Amino acid sequence: MYRSPWWKRALIAWLPVVILCGVIFYSSSQPANEQDVKPALEGMLSEESLSWFPSMEFYYGRQLVSTDDGIYAFLEFWIRKGAHFATFGVLGLLFLRAWRKYTLLEPASIAALLCTFLYAASDEWHQSFVVNRTGRIADVVLDTSGALCFILIAYIIIRRRERKRSTYIWNLK
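In this text the structure is predicted, and so the values were computed from the model without any measurement. (Residues numbered from 1 in each chain as written. Predicted model: local features only at pLDDT ≥ 70, side-chain atom pairs only at ≥ 80, totals over all residues. Heavy atoms only, no water.)

**A short note on the nonpolar core**
If you look at the biggest cluster of nonpolar residues, it comprises 20 residues, and the most contacted ones within it are Val17, Ile24, Phe88, Leu91, Leu96 and Tyr119. Those elements that provide at least two residues to this core are helix 1 (6–29), helix 3 (71–99), helix 4 (105–127) and helix 5 (137–172). Considering every element that reaches this core, the biggest residue donor is helix 3, with six residues. Apart from the residues within four sequence positions on either side, Tyr119 is in contact with Cys21, Ile24, Phe25, Phe88 and Leu91. In terms of nonpolar packing, the next biggest core, distinct from the first, is built from five residues, Val65, Phe74, Phe77 and Leu142 among them. (Core = buried A, V, L, I, M, F, W, Y, C linked by side-chain atoms within 4.5 Å. Buried < 20%, exposed > 50% of the residue type's maximum accessible area, 1.4 Å probe, protein only. Helix = DSSP H or I, 4+ residues; strand = E, 2+ residues; numbered from the N terminus. Contact = heavy atoms within 4.5 Å.)

**Quick look at unusual backbone geometry**
Even without being glycine, Asn132 reaches a positive phi, approximately 60°. Among the secondary structure elements, Asn132 is positioned in the loop between helix 4 and helix 5.

Structure follows, in structure tokens:
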């Protein structure tokens, strides 16, 4: 049976991780004002259509997030944080996929979570050097939480598939 060379297998395993890390790095390199989605929200949603939205405020890290700052800014906050959660969740899955080529599910899951945490921390540190950007510990926690959720869901799905497969094999005898 032909097995592809180690470097091809490594490339297939790690290239998606490298690409997503590059996309995250590029996105983090842009000043916040260049990523402003408030004008797009204003074009899609009128203030009248959002008049039902209740007044809210809370602290994220040490920053006050409030509807009093404008509903579009409030919605943009949630879009940005949702993007953090989802993007780093997908990064966690890609790390899991790559590590699974070398080890069992449990160590691969731990390695994937640790790698995602380290990349999230380095990304926030990188942002602290970009104009109009800040590095926030709260974002590292959010990013790592996204990875944890996605990896945990994948772990449960993979475990169930493995159990079904082993049960099916034993029933054949």
